[in-house]
There are 2 protein chains.
Amino acid sequence: MLRIALAGLGTVGAAVVQGLREGADLIASRAGQSITLQAVSARDKKRERACDISGVRWVDDPRQLAELSDIDVVVELMGGDEAAALELAEAALLAGKHFVTANKKLIAEHGVKLAHSAEAHPVQLSFEAAVGGGIPLLKTLREALAGDEVEKLYGILNGTCNYILTRMHSRGIEFASALSEAQKHGYAEADSGTDIKGGDTAHKLAILVALAFGMAPDLTSIRTEGIEHITPLDLQFAHELGCRVKLLGFARRSQKGVEQWVGPALIPEISPLAQVDGALNSVLLHGRRTGDIILQGRGAGGAPTSSAILADLIDIARGFKAPAFGIPAGRLGKIKAVEPQPRRHYLRLQVNDRPGVVAEITGILRDEALSIEQLLQRGKTQNEGVPVTIILHEGEGVVVRRAVKKIEALPTILAQPNLMAIEDYQP
Amino acid sequence: MLRIALAGLGTVGAAVVQGLREGADLIASRAGQSITLQAVSARDKKRERACDISGVRWVDDPRQLAELSDIDVVVELMGGDEAAALELAEAALLAGKHFVTANKKLIAEHGVKLAHSAEAHPVQLSFEAAVGGGIPLLKTLREALAGDEVEKLYGILNGTCNYILTRMHSRGIEFASALSEAQKHGYAEADSGTDIKGGDTAHKLAILVALAFGMAPDLTSIRTEGIEHITPLDLQFAHELGCRVKLLGFARRSQKGVEQWVGPALIPEISPLAQVDGALNSVLLHGRRTGDIILQGRGAGGAPTSSAILADLIDIARGFKAPAFGIPAGRLGKIKAVEPQPRRHYLRLQVNDRPGVVAEITGILRDEALSIEQLLQRGKTQNEGVPVTIILHEGEGVVVRRAVKKIEALPTILAQPNLMAIEDYQP
């Protein structure tokens with residue numbers, strides 16, 4: 001019998017409790033032993049819950065869960081309170097208890113330290129639910145691709161942003177309207193800053209990169225942009241170019257180092273990721289031997305996330321032992337951040353419609369040796385000025401950004417330029 | 001040190017040998033110990049090979065590999081010779097050696113017996129490479145979805161057929177031309193019967209079903225049709241209906257039993273599987289908690305398949321223990337085959353263009369209480385007669401087939417009717 005203590009009874013926690021009860025027999029036959037919930041802790045004991053915790057010991061302070069002698073695994077699903085989660089994780093591992101969490105921030109920021117502790121005691125540190133909900137991204141990287149070398153990975157990792165971009169695309173509405181629609185339908189939190197500014201995607205990317213490349217997560221080297229400045233016009237231009245705009249987390253390893261960034265990007269409509277709409281997540285993993293593998297599904301929500309937690313528990317019950325990040329914590333490399341490799345770029349400018357404007361812009365691009373693949377100027381929009389959209393041939397990101405900075409300083413440029421990477425796709 | 005013996009040095013075997021050599025350090029750090037190739041066996045010792053087997057013991061008879069005392073794992077990649085594979089598997093497991101194979105036929109037909117033996121001795125029986133090449137389909141079902149209940153799964157499991165259908169669709173060519181093109185490009189064997197008639201897909205489906213539903217593989221209850229009778233006209237009509245034609249392996253579990261079949265089917269273009277072109281594979285797994293998960297990638301080829309073999313070896317080196325089919329062999333259920341649930345159908349008839357023909361056909365459908373959603377009659381084709389295409393509203397497969405049998409008996413019907421399921425998709 002594997003004995004579980006659970007901290008946090010929100011949407012995911014309640015779904016785990018229900019899953020353990022409803023699936024008890026099936027789980028036992030798959031796990032080789034029964035998995036039983038022995039103790040729980042949550043903020044408010046009296047609150048109505050979507051799960052049945054009768055007969056389960058209640059503990060007021062989650063930190064006490066780590067101290068219970070009849071517990072094998074502590075599951076942390078408190079959400080938000082990172083300091084408390086870290087404290088619980090450290091205490092649980094120190095006490096020789098396996099630790100399972102869905103907390104991406106905890107793992108992206110403190111995962112290596114926790115992995116060291118897990119190895120020392122020795123227990124499992126598992127966090128499949130932290131990235132991509134029920135999609136087995138971490139298991140695939142840590143196990144299925146353990147005999148391969150992942151060279152590149154990118155994907156749609158935030159359902160809120162993808163829902164917003166999908167609605168903006170399909171209905172031609174502004175960002176703000178799509179955001180409030182997402183909030184109304186429960187796809188976005190009231191405080192959605194970490195989603196729409198790319199922070200949530202960055203946390204997930206940092207964890208994926210660690211597992212894919214065997215390097216400690218490094219949030220500081222992820223250049224992160226959000227989707228707040230995307231307009232329906234961008235989506236329309238992208239469509240005319242045979243592309244869709246998606247918020248990507250992107251990482252590529254080369255001999256020089258690791259390129260990693262989060263930001264909106266154009267991907268061709270033939271890419272499997274282009275068709276991923278609504279709140280779904282999808283990730284492309286490129287392995288040297290395996291080629292492209294694409295995994296897609298629901299990246300959030302109580303039921304899918306609870307499935308990942310249950311899978312981690314069954315792995316532990318089956319006696320699975322693997323380092324949390326695929327290799328021992330002491331052997332994790334340090335990310336040497338490098339600038340993105342040359343690629344095509346999309347640039348949208350809002351310009352004052354006067355003679356010579358385009359000559360000024362193209363002059364700056366020429367001076368930076370950046371060559372233009374397409375330039376599109378259209379009549380006036382509702383706003384002041386006219387939009388000019390430029391597709392640049394392959395160029396170094398650092399050079400492109402420098403050019404855009406110079407262009408932005410021109411008096412004829414009326415708004416902040418919108419620069420996006422284009423991630424091409426070969427089936 | 002995990003000591004490997006390998007039987008078979010074809011494309012996959014050679015890729016495994018190269019992978020173990022090139023990736024030795026990385027594999028050791030991931031696996032927690034080195035994995036070394038100790039002995040090999042193949043048909044012809046003198047043949048030129050794409051891999052370096054210098055310093056590795058050569059054994060003429062693969063059966064001897066099971067008897068070597070300094071071997072922990074036997075890897076079987078002989079391909080084709082099923083009797084020899086079975087003999088080797090039984091001997092290896094009996095001798096307390098782990099057994100890893102890519103042989104889908106072996107597992108679909110003898111997997112349960114081998115799983116019993118693996119449990120008795122106790123060692124691992126692993127066959128990730130048998131289905132979907134480098135796509136972690138079996139690991140996902142056995143581990144990532146172990147806390148969930150899979151209710152339905154279907155997918156494109158044969159790259160040869162998908163390549164042929166893709167070329168027929170994109171170039172409007174006949175089946176025979178597309179097949180010889182596939183053979184020319186190495187996507188199809190000279191003897192491609194088991195691919196195009198659906199047999200290969202059926203073997204893979206049987207294994208997926210066993211893992212998904214916890215039931216012994218049962219090939220006999222899989223209704224299997226191939227793609228030989230698909231015409232460019234079918235693909236064109238499908239396109240006009242907003243669909244693509246794909247050879248699917250399909251399974252669904254209900255309270256009544258298990259529906260499983262292999263055959264060409266129409267799927268809407270909004271389905272992620274519709275966009276899967278060329279030799280790629282893609283599978284949709286529908287879990288009760290997780291919803292739809294889609295996994296996609298290269299389903300064959302030396303490099304991707306070798307990655308799956310290496311992953312199985314690393315799992316073994318890490319000490320992973322799980323029943324081969326997810327639950328103990330003795331607890332695997334017996335499939336109670338049921339007819340497909342009601343769904344829409346596509347029916348193409350080649351009819352003699354005479355008054356009253358359509359009345360006769362629709363009369364038969366009416367008598368079977370099958371209602372028509374669309375009926376399309378077009379001018380003459382190059383062949384005799386005219387094509388009539390009918391989309392039927394949801395109906396029981398058994399009723400639809402009965403009606404089609406009656407229609408086929410009409411003297412005005414000039415060729416064998418082409419009946420295909422339509423598998424609808426809700427994102």
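What comes next is a walk through the structure.

Cut-offs and rules
Residues numbered from 1 in each chain as written. Chains lettered and ligands numbered in written order. Predicted model: local features only at pLDDT ≥ 70, side-chain atom pairs only at ≥ 80, totals over all residues. Heavy atoms only, no water. Pairing = 2+ DSSP bridges. Helix = DSSP H or I, 4+ residues; strand = E, 2+ residues; numbered from the N terminus. Contact = heavy atoms within 4.5 Å. Axes fitted to C-alpha atoms, helices over the stretch in contact; angles between N-to-C directions. Core = buried A, V, L, I, M, F, W, Y, C linked by side-chain atoms within 4.5 Å. Buried < 20%, exposed > 50% of the residue type's maximum accessible area, 1.4 Å probe, protein only. Parallel < 35°, antiparallel > 145°, perpendicular 65-115°, else oblique. Left-handed = near helix turned anticlockwise from the far one by under 90°. Nonpolar A, V, L, I, M, F, W, Y, C, P; charged D, E, K, R; others polar. Buried area = accessible area lost by both parts, 1.4 Å probe. Salt bridge = Lys/Arg side-chain N within 4 Å of Asp/Glu carboxyl O. Least-squares fit on C-alpha atoms with pLDDT ≥ 70 in both. Phe/Tyr/Trp six-rings, centres within 6.5 Å; stacked < 30°, edge-to-face > 60°. Lys NZ or Arg CZ within 6 Å of the ring centre and 35° of its normal.

**Considering the sheet that holds strand S2 (residues 35-41) of chain B**
Residue and element names in this part refer to chain B. The strand order S3-S2-S1-S4-S5-S6 describes an open sheet built from six strands, whose pairing is parallel. Each edge of the sheet is formed by a strand with only one pairing partner; in this case those strands are strand S3 (57-58) and strand S6 (125-126). Contacting strand S1 (2-7), strand S4 (73-76) and strand S5 (98-101), helix H3 (residues 82-94) runs over the sheet at an angle of about 155° to S5. Of the strands in this sheet, S1, S2, S4, S5 and S6 are in contact with helix H11 (residues 302-317), which crosses S5 at around 165°.

**Observations concerning the nonpolar core**
In terms of nonpolar packing, the biggest core is built from 174 residues, with Phe127(A) and Phe127(B) touching the most fellow members. In this structure, Phe127(B) is in contact with Thr101(B), Ile107(B), Leu138(B), Ile207(B), Leu211(B), Asp312(B), Ala324(B) and Phe325(B), ignoring residues within four places of it in sequence. In this structure, Leu6(A), Ile27(A), Ala42(A) and Cys51(A) belong to the second largest nonpolar core, which totals 33 residues.

**Comments concerning unusual backbone geometry**
Residue and element names in this part refer to chain A. One non-glycine residue, alanine 369, lies in the positive phi region at around 60°. Examined against the element boundaries, alanine 369 turns out to sit in the loop between helix H12 (357-367) and strand S14 (372-377). The class for alanine 369 is exposed, based on a relative accessible area of 69%.

**Quick notes on the sheet that holds strand S3 (residues 57-58) of chain A**
Residue and element names in this part refer to chain A. Pairing within the open sheet is parallel, and its six strands lie in the order S3-S2-S1-S4-S5-S6. In this open sheet, the two strands that pair with only one neighbour each are S3 and strand S6 (125-126). Of the pairings in the sheet, the one linking strand S5 (residues 98-101) to S6 comprises two bridges and is parallel in character. Pairing of phenylalanine 99 across the sheet is with leucine 125, part of S6.

**A look at the packing of helix H6 (residues 159-171) of chain B against helix H7 (residues 175-184) of chain B**
Residue and element names in this part refer to chain B. Direction vectors running N to C along H6 and H7 enclose 125°, while the axes themselves pass 9 Å from each other. The angle between H6 and H7 places the two elements in the oblique class. Classified by chirality, the crossing of H7 by H6 is right-handed. Of the residues in H7, those in contact with Tyr163, Ile164, Arg167, Met168 and Arg171 of H6 are Phe175, Ala178, Leu179, Glu181 and Ala182. Looking at the contact of H6 with H7 residue by residue, the class counts come to seven nonpolar, no polar and three charged.

**Some remarks on the interface of chain A and chain B**
Of the residues lining the interface, 50 residues belong to chain A; the matching set on chain B comes to 50 residues. Across the chain A/chain B interface, buried area totals approximately 4,100 Å², and carbon plus sulfur atoms make up 52% of it. Looking at the side of chain A facing chain B, the largest losses of area belong to Arg30(A), Arg289(A) and Arg318(A), adding up to 18% of the total buried there. If you look at where chain A meets chain B, you find six salt bridges. Notably, a salt bridge pairs Glu22(B) with Arg288(A), separated by 2.9 Å at the nearest N-O pair. Broken down by secondary-structure element, the contributors of at least two residues to the side of chain A that touches chain B are helix H1 (11-22), helix H2 (24-31), helix H5 (137-144), strand S12 (291-298) and helix H11 (302-317) of chain A. Here the side of chain A that touches chain B is composed, by residue class, of 21 nonpolar, 14 polar and 15 charged.

**As for the relation of the copies chain A and chain B**
Mapping chain A onto chain B is achieved by rotating through 180° and translating by 0.0 Å along the same axis, at an RMSD of 0.0 Å. Taken together, these values place the two copies in the relation of a two-fold axis. A shared binding surface is used by both copies, with 100% of the interface residues of chain A retained as interface residues in chain B.

**Description of the pairing of strand S10 (residues 258-268) of chain A**
All names here are of chain A. Across the 11 residues of S10, 11 count as buried, placing the element largely inside the fold. Alternating positions in S10 separate into two faces, Val258, Gln260, Val262, Pro264, Leu266 and Pro268 on one and Glu259, Trp261, Gly263, Ala265 and Ile267 on the other, with burial throughout. Pairing of strand S8 (residues 223-224) with S10, which is carried by two bridges, proceeds in the parallel orientation. Directly across from threonine 224, in S10, lies its bridge partner valine 262. Two successive antiparallel strands, strand S9 (residues 243-253) and S10, enclose a turn made up of four residues, where glycine 257 displays a positive phi of approximately 160°. For S10 and strand S16 (residues 418-422), the ladder comprises two bridges, and the chain directions are parallel.

**Section: the pairing of strand S15 (residues 386-395) of chain B**
All names here are of chain B. S15 sits mainly inside the fold: eight of its 10 residues count as buried. Of the strand pairs in this sheet, strand S14 (residues 372-377) and S15 are connected by five bridges, and their pairing is antiparallel. Each residue of the ladder has a partner; that of leucine 376, found in S15, is threonine 389.

**Let's talk about the environment of Gly319(B)**
Residues and elements named next belong to chain B. Relative to the helices and strands, glycine 319 is located in the loop between H11 and strand S13 (343-351). Of the residues examined, glycine 319 reaches a relative accessible area of 26% and is grouped as partly exposed. Taking C-alpha positions, glycine 319 is 9.5 Å from glycine 32, a pair spaced 287 residues apart along the chain.

**Comments concerning the pattern of salt bridges**
In total, this model carries 64 salt bridges over all chains according to the counting rule given. For Asp61(A), the salt bridge goes to Arg63(A), with nearest N and O atoms at 3.0 Å. Note on Asp61(A): relative accessible area 25%, which makes it partly exposed. The partner of Glu339(B) in a salt bridge is Arg401(B), and the shortest N-O contact between them spans 3.3 Å. Of this pair, Glu339(B) sits in the loop between H11 and S13 while Arg401(B) sits in helix H13 (residues 397-408); the two residues are 62 residues apart in sequence, bridging distant segments of the chain. On the basis of relative accessibility, which here comes to 37%, the residue Glu339(B) falls in the partly exposed class. Three or more residues joined by partner-sharing salt bridges are found here, namely Lys139(A), Arg142(A), Glu143(A), Asp315(A), Lys139(B), Arg142(B), Glu143(B) and Asp315(B).

**Some details on the packing of aromatic side chains**
If you walk through the whole model with that rule in mind, you get nine aromatic pairs over all chains. Centre to centre, the rings of Tyr154(A) and Phe250(A) are 5.6 Å apart; their planes meet at 20°, and the pair counts as stacked. On the criterion of sequence distance, the pair formed by Tyr154(A) in strand S7 (residues 150-156) and Phe250(A) in strand S9 is long-range, its members being 96 residues apart. The interplanar angle of 35° and the centroid separation of 4.4 Å between the aromatic rings of Tyr163(B) and Tyr187(B) together place this pair among those described as tilted. Of this pair, Tyr163(B) sits in helix H6 while Tyr187(B) is found in the loop between H7 and helix H8 (193-196), placing the two residues 24 residues apart along the sequence. On the basis of relative accessible area, Tyr187(B) is assigned to the partly exposed category, the value being 40%. The ring of Phe320(A) has Lys139(A) lying over it, and the distance from NZ or CZ to the ring centre is 5.5 Å. The aromatic ring of Phe250(B) is capped on one face by Arg343(B), whose charged end is 4.7 Å from the ring centroid.

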